Amino acid sequence: MMKGKSVMSSETRVTGKHQVVEEVAGTSDPDIRAAIITVSDKGFAGTREDRSGPALVEALKGKALVNRTAIVPDEIEEIKALLVELCDCGEYDVIFTTGGTGFAPRDVTPEATMAVIDRHTPGITEAIRQASLQITQRAMLSRATAGIRKATLIVNLPGSPKGAVESIGVFLPVMAHAVETLRGDTYECGRK
């Protein structure tokens, strides 16, 4: 692929218990490899259009190469299985989940994430909540978490398109440095 060339292709298929939409979006310039998982019973069943996943793909254009998206139901074992699959294949630097982070009985994305990570990274979601509180008091109701499995960072985001895009916007300024550090390309976090 030529540097900077915009590519968009998409294929939806059901594999096992989750829908997979493999796509290449944005430009080929960024070398950060990302996946987006939408966690939604209604989205998985096809009774509600997934708007958060595509909104995140758009927000990452020019910043990361999103080459995998998927929609899973709010089932902890299915979320865990997909997170493990994506992290362990070594093809993704960052996985963003959207949905399942609130108080509803079936909101289990943080529990699934915590069950599969090796190291917790609380600063990411603390910063997102702090910034989000400037927009809405409901941000304090988020149970989103973030962590590292092997060399992949997992970040939980809200399920609403607006909340997901606002939240990823808080993380984007440090995403490249986070990925460089995970890859072992840099060890210094202090500014000069």
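Here goes a summary of the coordinates provided. Note that this is a predicted model, so its numbers are computed, not measured.

Moving on: the nonpolar core. Side chains of nonpolar character tend, in soluble globular proteins, to be buried together. Grouped together as the largest cluster of nonpolar side chains are 24 residues, with contacts concentrated most on Leu60, Phe96, Val155, Ile168 and Met175. Those elements giving two or more residues to this core turn out to be β3 (33–39), α2 (52–60), β5 (94–98), α5 (122–133), β7 (146–149), β8 (152–157) and α6 (161–183). Ranked by the residues each element gives to this core, the list is headed by α6, at 6 residues. Leaving out residues up to four positions away in the same chain, Ile168 has contacts with Leu56, Ala59, Leu60, Phe96 and Leu157. Leu83, Ile95, Ile117 and Ile154 belong to the second largest nonpolar core, which has 17 residues in total.

This structure, assessed with the given rule, holds 1 aromatic pair. With a centroid separation of 6.0 Å and 70 degrees between ring planes, the pair formed by Phe96 and Phe171 is classed as edge-to-face. Of the two residues, Phe96 sits in strand β5 while Phe171 sits in helix α6, which places them 75 residues apart along the sequence. Of the residues examined, Phe171 reaches a relative accessible area of 3% and is grouped as buried.

Interhelical geometry of α2 versus α6 gives an angle of 30 degrees and a closest axis separation of 9 Å. Judged by the angle between their axes, α2 and α6 are roughly parallel. Every pair of crossing elements has a handedness; the one defined by α2 and α6 is right-handed. Seen from α2, the contacting residues are Ser52, Ala55, Leu56, Ala59 and Leu60; seen from α6, they are Pro161, Ala164, Val165, Ile168, Leu172 and Met175. For the contact of α2 with α6, the per-class residue count stands at 10 nonpolar, 1 polar and no charged.

This paragraph deals with the side chain of Asn156. Mapped onto the elements of the fold, Asn156 is located in strand β8. A polar side-chain atom of Asn156 sits 2.9 Å from a polar atom in the side chain of Thr97. Polar contacts involving the side chain of Asn156 include one to the side chain of Thr113, which spans 3.0 Å. Those residues in contact with Asn156, other than ones at most four positions away along the chain, are Thr97, Thr101, Thr109, Pro110, Thr113, Thr125, Ala144 and Thr145.

Before going further, it helps to spend a moment on helix α3 (residues 76–88). The terminal C-alpha atoms of α3, which comprises 13 residues, lie 18 Å apart, in line with the 18 Å expected from a rise of 1.5 Å per residue. When we look at burial in α3, the residues that qualify are Glu78, Ile79, Leu82, Leu83, Leu86 and Cys87. The buried residues of α3 occupy an angular sector of 155 degrees when projected down its axis, which confines them to one face. Where α3 ends, the next residue or the one after it, Gly90, has phi of about 75 degrees, a positive value.

Below, the discussion takes up the pattern of salt bridges. Applying the stated criterion across every chain yields a total of 12 salt bridges. Across the salt bridge formed by Lys61 and Glu58, the nearest N and O atoms sit 3.1 Å from each other. The class for Lys61 is partly exposed, based on a relative accessible area of 32%. Ionic contacts of the salt-bridge type, sharing partners, join the residues Asp31, Arg33, Asp93 and Arg183 into one network.

Parameters and conventions
Residues numbered from 1 in each chain as written. Predicted model: local features only at pLDDT ≥ 70, side-chain atom pairs only at ≥ 80, totals over all residues. Heavy atoms only, no water. Core = buried A, V, L, I, M, F, W, Y, C linked by side-chain atoms within 4.5 Å. Buried < 20%, exposed > 50% of the residue type's maximum accessible area, 1.4 Å probe, protein only. Helix = DSSP H or I, 4+ residues; strand = E, 2+ residues; numbered from the N terminus. Contact = heavy atoms within 4.5 Å. Phe/Tyr/Trp six-rings, centres within 6.5 Å; stacked < 30°, edge-to-face > 60°. Axes fitted to C-alpha atoms, helices over the stretch in contact; angles between N-to-C directions. Parallel < 35°, antiparallel > 145°, perpendicular 65-115°, else oblique. Left-handed = near helix turned anticlockwise from the far one by under 90°. Nonpolar A, V, L, I, M, F, W, Y, C, P; charged D, E, K, R; others polar. Polar contact = N/O pair within 3.5 Å; in protein donor to acceptor, adjacent residues only side chain to side chain. Expected span 1.5 Å × (residues − 1). Arc of directions from axis to C-beta. Salt bridge = Lys/Arg side-chain N within 4 Å of Asp/Glu carboxyl O.

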